[in-house]
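Structural characterization, general
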Amino acid sequence: MSQAKGTVVLAYSGGLDTSCILVWLKEQGYDVIAYLANIGQDESFDEARKKALNLGAKKVFIEDMRQEFIEQFIWPAVQANAIYEDRYLLGTSLARPCIARMQVEIAKREGAKFVSHGATGKGNDQIRFELTCYSLYPEVQIIAPWRMPEFYNRFRGRSDLMDYAKKHGIPVPVTPKNPWSMDENIMHISYEAGILENPKNHAPAGLFMKTKDPCTSSASPDILEIEFKKGVPVQVTNVNDGTRHKTSLELFIYLNEIAGKHGVGRIDIVENRFIGMKSRGIYETPAGTILYHAHLDIETFTMDREVRKIKQQLSQRFSEQVYNGFWFSPECEYVRGCIAKSQELVEGKVQLSVVRGQVYILGRESPQSLYNEELVSMDVQGDYEPADASGFIKINSVRLKEYHRISGRR
């Protein structure tokens, strides 16, 4: 055993990697505090606590952060219509700053100068975890085993970890794990690595855990009404059976249930990691997909056209900031503030149908609506003079005429 080096707070999942890291950190001379964040993953937290203590953790903290995750991280993303590279709804990206913030709070409270995690040296999560830690605890020292030669040269693959686990009495699965990596929270599940690294390979049957196959799901739709205030969902009602939920956690769990049974929220993409490489990921984001479509609709209904153009630009910047790990940066704080300001009048109800992997908008209503039925009607002239459009068109045609006059000389 190495000389005592101090206390480290380890972001612990209970899986093979972080269990081995826990024991390895003790070998290096650290006192280890294991920290598990409950952000809605399917996990036996009592078993994980017992396992960490049996492996030598000095303390174990298990924090239920589901409501905090939804209200402080997912809701701002819903307000932003946040989506990375046109398809990814940022389920993992949003979770990391939430997890790391509590990790820092525990480290400060326990007087720990070190924090550690099990993120790989090629991925985005190492960046997200560590930028959060440095932002909120600048003097912290981070131990990232998968970037340390003495660790990754010793553990070159899963078999090395399995051998180490057996040698040190770390419980390992009796049956082999799925040949891919998974990360789950209340917003989504991601699948990557292993056999999925060949982007030509189709997702294996049985991979998906949150959603049914849209091809075999019910052909009978669920009709939902989702109410928003300031761009945040405050109530969901199932028009079919009258089921209603208002609290953020219950509302989100229910939307996951409805979307999941109809196979809504699956994507298979190749994305650009911040670190500079492309990776293939398969994602399930059931509730998030419904809310993305519903919020997009009520926002367009209630927001001024020019404000929305600016807000769309901010949404793209926000999505990139979140994906790249800059949640706690000054620029992301500023953009979130601007987006929140844009949502002050985004209020109303959207009715939609959920069926066979799709979300169909059916209708909407709002006390803040900018839609003027009389003004737009083809049957009523309203407060509009059609003849005025002639001048509008002529003015806009000046530039086009000049362009084509010059183009004709080429």
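The structure displayed is predicted, hence computed values, not measured ones.

1. Overview of the pattern of salt bridges
- Tallying each qualifying case throughout the model produces 20 salt bridges.
- In this structure, Glu-27 engages Arg-154 in a salt bridge whose closest nitrogen and oxygen atoms are separated by 3.5 Å. Here the residue Glu-27 occupies a position in helix α1 (residues 16-27), and Arg-154 occupies one in the loop between α6 (149-152) and α7 (158-167), the gap between them amounting to 127 residues.
- Judged by relative accessible area, which is 23%, Glu-27 ranks as partly exposed.
- A salt bridge links Glu-402 to Arg-405; its shortest N-O distance comes to 2.7 Å. Here the residue Glu-402 and the residue Arg-405 both occupy positions in helix α13 (residues 388-407), the gap between them amounting to three residues, near one helical turn.
- Under the relative-accessibility criterion, Glu-402 is labelled partly exposed at 38%.
- Here Arg-405 falls in the partly exposed class, since its relative accessible area comes to 40%.

2. Thoughts on the side chain of His-117
- Mapping His-117 onto the fold places it in the loop between β4 (114-116) and α5 (125-136).
- On the basis of relative accessibility, which here comes to 3%, the residue His-117 falls in the buried class.
- Here Ala-119 takes part through its backbone nitrogen, which lies 3.1 Å from a polar atom of the side chain of His-117.
- In this structure the side chain of His-117 is engaged in a polar contact, spanning 2.7 Å, whose partner is the side chain of Glu-130.

3. Thoughts on the packing of aromatic side chains
- Throughout the structure, instances matching the rule amount to 14 aromatic pairs.
- Ring geometry for Tyr-84 against Tyr-323: centres 3.7 Å apart, planes inclined by 5°, an arrangement best described as stacked. Here Tyr-84 is found in the loop between α3 (66-80) and α4 (91-110), whereas its partner Tyr-323 is found in helix α10 (residues 305-323), with 239 residues between them in sequence.
- Accessibility expressed as a relative area gives 10% for Tyr-84, which makes it buried.
- Judged by centre distance (4.4 Å) and plane angle (25°), the ring pair of Tyr-88 and Tyr-283 falls under stacked. Of the two residues, Tyr-88 is situated in the loop between α3 and α4 and Tyr-283 in strand β12 (residues 278-284); the sequence distance between them amounts to 195 residues.
- Through a chain of ring-to-ring contacts, the aromatic side chains of Trp-24, Trp-146, Phe-151, Phe-155 and Tyr-164 assemble into a single cluster.
- The ring of Tyr-323 has Arg-128 lying over it, and the distance from NZ or CZ to the ring centre is 4.9 Å.
- The ring of Phe-208 carries the charged tip of Arg-266 above its face, separated from the ring centre by 3.7 Å.

4. Examining the UniProt feature "domain: Arginosuccinate synthase-like N-terminal" (unreviewed entry) in the protein
- Here, the residues flagged by UniProt with the feature "domain: Arginosuccinate synthase-like N-terminal" (unreviewed entry) are residues 8-171.
- End C-alpha to end C-alpha, residues 8-171 measures 22 Å, and it is 51% helix and 15% strand.

5. Looking at the sheet that holds strand β14 (residues 358-365)
- If you walk across this open sheet you meet the five strands as β10-β9-β8-β13-β14, and the pairing is antiparallel. Edge positions in the open sheet fall to β10 (244-245) and β14, since each of these has one partner strand only.
- Relative to β10, strand β9 (residues 232-238) runs antiparallel, the two being bridged by two bridges. Residue pairing across strands places Val-236 opposite His-245, the latter belonging to β10.
- Against the sheet, helix α8 (residues 248-261) contacts β8 (222-229), β9, β10 and β13 (348-355), and its axis sits at roughly 55° relative to β9.

6. Topic: the side chain of Asp-183
- Take Asp-183: it is sitting in strand β6 (residues 181-184).
- Judged by its relative accessible area of 19%, Asp-183 falls in the buried class.
- Of note is the side chain of Asp-183, whose polar atom sits 3.3 Å from the side chain of Thr-92.
- Among the polar contacts listed, one links the side chain of Asp-183 to the side chain of Arg-96, at a separation of 3.0 Å.
- In contact with Asp-183, other than residues within four places in its own chain, are Thr-92, Arg-96, His-188, Ile-189 and Ser-190.

7. Structural notes on α10
- With 19 residues, α10 extends 27 Å between its outermost C-alpha atoms, agreeing within 8% with the 27 Å of an ideal straight helix rising 1.5 Å per residue.
- Restricting attention to buried positions, one finds in α10 the residues Arg-308, Lys-311, Leu-314, Ser-315, Phe-318, Ser-319, Gln-321, Val-322 and Tyr-323. End-on, the buried residues of α10 take up no more than an arc of 165°, which puts them together on one face. In α10, those exposed residues whose orientation departs by more than 90 degrees from the buried face are Ile-310, Gln-313 and Gln-316.
- Against α3, α4, α5, β11 (266-272), α9 (286-302) and α11 (330-342) lie the buried residues of α10.
- Put simply, Asp-304 is the residue that caps the front of α10, since its side-chain oxygen is 3.0 Å from the backbone nitrogen of Glu-306.
- With its phi angle positive at about 95°, Gly-325 sits one or two positions after the end of α10.

Rules used throughout
- Residues numbered from 1 in each chain as written.
- Predicted model: local features only at pLDDT ≥ 70, side-chain atom pairs only at ≥ 80, totals over all residues.
- Heavy atoms only, no water.
- Salt bridge = Lys/Arg side-chain N within 4 Å of Asp/Glu carboxyl O.
- Helix = DSSP H or I, 4+ residues; strand = E, 2+ residues; numbered from the N terminus.
- Buried < 20%, exposed > 50% of the residue type's maximum accessible area, 1.4 Å probe, protein only.
- Polar contact = N/O pair within 3.5 Å; in protein donor to acceptor, adjacent residues only side chain to side chain.
- Phe/Tyr/Trp six-rings, centres within 6.5 Å; stacked < 30°, edge-to-face > 60°.
- Lys NZ or Arg CZ within 6 Å of the ring centre and 35° of its normal.
- UniProt positions renumbered as here; feature names shortened; annotations may be inferred.
- Pairing = 2+ DSSP bridges.
- Contact = heavy atoms within 4.5 Å.
- Axes fitted to C-alpha atoms, helices over the stretch in contact; angles between N-to-C directions.
- Expected span 1.5 Å × (residues − 1).
- Arc of directions from axis to C-beta.

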